[in-house]
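Now for the letters of each chain:
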Amino acid sequence: MPNVRVRLLRAGEGRPWRGVAFSALIFAAQPALAAADLPEGWAEFHDAVVEVHAGAAEGAEERWLVMRYLAPEIAREGGSLGYEDVAMEMDALCNGQALATAKAHESPIDQIIIALMDRVVERGQPDPAATQFIASYVVTEAGCEWQ
């Protein structure tokens, strides 16, 4: 597991879009491949950031840990992996490295976002040519619960 450096951002800081909402891509039509079926090194840790967002209650805040991974094999052109191939692996990334990072953070983490990208995309910036798979999880006593 790589050493993860986490920076703290308030929602909208450092990018023109304020309060960008994340949505999970849902394509669960086929079962995911077992980890042994994925190419070795299919995903590489890129970066991590903790973002502070407005919570559901007025004045409340939530902390989201965003873990981004470079996964060139998910590219639309030339890639060999679709969402159904990596969905369970995204769950494993959340319950492994991301959950450990969240537990080590000085403030409680409310939500974990796992993002796979076929190329480096600046956080919060659109890149229509890029392929990205994003999954959102709530942190519970049992681990990551997909939303």
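Parameters at a glance
- Residues numbered from 1 in each chain as written.
- Predicted model: local features only at pLDDT ≥ 70, side-chain atom pairs only at ≥ 80, totals over all residues.
- Heavy atoms only, no water.
- Salt bridge = Lys/Arg side-chain N within 4 Å of Asp/Glu carboxyl O.
- Helix = DSSP H or I, 4+ residues; strand = E, 2+ residues; numbered from the N terminus.
- Buried < 20%, exposed > 50% of the residue type's maximum accessible area, 1.4 Å probe, protein only.
- Expected span 1.5 Å × (residues − 1).
- Bend = angle between axes of the 7 residues up to and from the residue.
- Phe/Tyr/Trp six-rings, centres within 6.5 Å; stacked < 30°, edge-to-face > 60°.
- Core = buried A, V, L, I, M, F, W, Y, C linked by side-chain atoms within 4.5 Å.
- Contact = heavy atoms within 4.5 Å.
- Disulfide = S-S within 2.5 Å.
- Lys, Arg positive; Asp, Glu negative; His and termini not counted.
- Pairing = 2+ DSSP bridges.
- pLDDT = per-residue confidence, 0-100.

Peer 1: Which residues make up the pattern of salt bridges, and what are the values?
Peer 2: One pass over the full model with this rule turns up 3 salt bridges. Arg68 is the partner of Asp47 in a salt bridge, and the nearest nitrogen-oxygen pair spans 2.8 Å. Placement of Asp47 in strand 2 (residues 44-54) and of Arg68 in strand 3 (residues 61-70) is noted, with a sequence separation of 21 residues between them. Since its relative accessible area comes to 5%, Arg68 is described here as buried. Arg123 is the partner of Glu51 in a salt bridge, and the nearest nitrogen-oxygen pair spans 3.0 Å.

Peer 1: Lay out helix 1 (residues 83-104) in plain terms, naming residues and giving numbers.
Peer 2: The end-to-end C-alpha separation of helix 1 is 29 Å, in line with the 32 Å expected for 22 residues at 1.5 Å each. The principal kink in helix 1, of about 40°, is found at Ala98.

Peer 1: Mind laying out the packing of aromatic side chains, listing which residues take part and the relevant values?
Peer 2: For any two aromatic rings, the description comes down to two numbers: the centre-to-centre distance and the angle of the planes. Evaluated as defined, the whole model comprises 2 aromatic pairs. Ring centres of Phe45 and Tyr69 lie 5.8 Å apart, and the angle between their planes is 75°; on these two criteria the pair is classed as edge-to-face. Of this pair, Phe45 sits in strand 2 while Tyr69 sits in strand 3, and the two are 24 residues apart along the sequence. Judged by its relative accessible area of 2%, Tyr69 is buried.

Peer 1: Got a sec to walk through the nonpolar core? Specific residues and values, please.
Peer 2: In terms of nonpolar packing, the biggest core is built from 27 residues, with Leu65, Met67, Met90, Ile112, Ile114, Leu116 and Tyr137 touching the most fellow members. Breaking this core down by element, the ones donating at least two residues are strand 2, strand 3, helix 1, strand 4 (111-117) and strand 5 (132-140). Among all residues touching Ile114, those that are not within four sequence positions of it are Met67, Tyr69, Met90, Leu93, Cys94, Ala98, Phe133, Ile134, Ala135 and Tyr137. Counting residues in each nonpolar core, the second largest holds 6 residues, with Val66, Ile113, Ala115 and Ile134 among its members.

Peer 1: Describe in detail the state of the cysteines, supporting the description with residues and values.
Peer 2: In this structure the tally under the stated criterion is 1 disulfide. Note that Cys94 is cross-linked by a disulfide to Cys144, the S-S spacing being 2.1 Å. The disulfide joining Cys94 to Cys144 has a torsion of about -85° about its S-S bond and is therefore left-handed. Here the residue Cys94 occupies a position in helix 1, and Cys144 occupies one in strand 6 (residues 143-146), the gap between them amounting to 50 residues.

Peer 1: Explain the side chain of Arg63 to me, using residue names and the numbers behind them.
Peer 2: Within the secondary structure layout, Arg63 lies in strand 3. For Arg63, which is buried and forms no salt bridge, the nearest opposite charge comes from Glu61, at a distance of 4.1 Å. Non-local contacts of Arg63, meaning those with residues more than four positions away in its chain, are made with Val50, Glu51, Val52, Ser107, Pro108, Ile109, Asp110 and Gln111.

Peer 1: Go over the pairing of strand 6, please, and point to the residues and values.
Peer 2: One ladder, built from 4 bridges, connects strand 5 with strand 6; its direction is antiparallel. Counterpart to Thr140 in the pairing with strand 6 is Gly143. A loop of 2 residues connects strand 5 with strand 6, the two strands running antiparallel in sequence.

Peer 1: For the confidence of the model for the protein, give the residues involved together with the corresponding values.
Peer 2: Per-residue confidence for the protein gives a mean pLDDT of 80, with 73% of residues at or over 70. Taken element by element, the predicted model of the protein shows its lowest mean pLDDT in strand 1 (residues 6-10) (58) and its highest in strand 4 (97). Note that pLDDT drops below 50 for residues 13-36; the model gives that stretch 42 contacts with residues more than four away or on any other chain.

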